[in-house]
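# Reading the structure
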Amino acid sequence: MGKIEINYTEKDGVLLPNLQISNNSEDDSQPLGKYGRMAMEYLHENHPQRFMILKMDGTLMEKMHRVHREAVEKIEYITQQMLEAEPMPATEDIMEKTRHLNSLRSSAEEIVLNEIIFKVR
């Protein structure tokens, strides 16, 4: 049986293995956004075998970053479509305009959660 070579880094007197959970070190170094974290949590809790496979083959973080980007783009797109159908109220009240926009964004986010986030990858 072959030996596995693992490199270590010393931190505070402890040797830690140099491991990464992605084949792309850029994905490891970038913080994962809200929707990527939600998708990862959903996958981990509801499809643990798939989660482990993605983690072991080094594509977990890449996929979760892609999910986040896709979700953000889709929320923006849906919100813009909803704004065309339900334009901002004709008022000077900033709070009223903010409530309207937040309501549309919340509806768009709900759609994206079901279509993109809570889906097996």
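On a predicted model such as this, the values are computed, not experimentally measured, just so you know.

### Let's talk about the nonpolar core
Met40, Leu60, Met64 and Ile117 are the most contacted members of the largest nonpolar core, which has 19 residues in total. Every element with two or more residues in this core is listed here: helix H2 (34-46), helix H3 (48-56), helix H4 (60-85) and helix H5 (94-117). With seven residues, H4 is the single largest residue contributor to this core. Not counting residues within four places of it along the chain, the set of residues in contact with methionine 40 comprises Leu32, Phe51, Leu60, Met61 and Met64.

### So, the environment of arginine 37
Mapping arginine 37 onto the fold places it in helix H2. Residues arginine 37 and methionine 64 lie 27 residues apart in sequence; the distance between their C-alpha atoms is 7.2 Å.

Parameters and conventions
Residues numbered from 1 in each chain as written. Predicted model: local features only at pLDDT ≥ 70, side-chain atom pairs only at ≥ 80, totals over all residues. Heavy atoms only, no water. Core = buried A, V, L, I, M, F, W, Y, C linked by side-chain atoms within 4.5 Å. Buried < 20%, exposed > 50% of the residue type's maximum accessible area, 1.4 Å probe, protein only. Helix = DSSP H or I, 4+ residues; strand = E, 2+ residues; numbered from the N terminus. Contact = heavy atoms within 4.5 Å.

The values are spatial; any link to function lies outside them.
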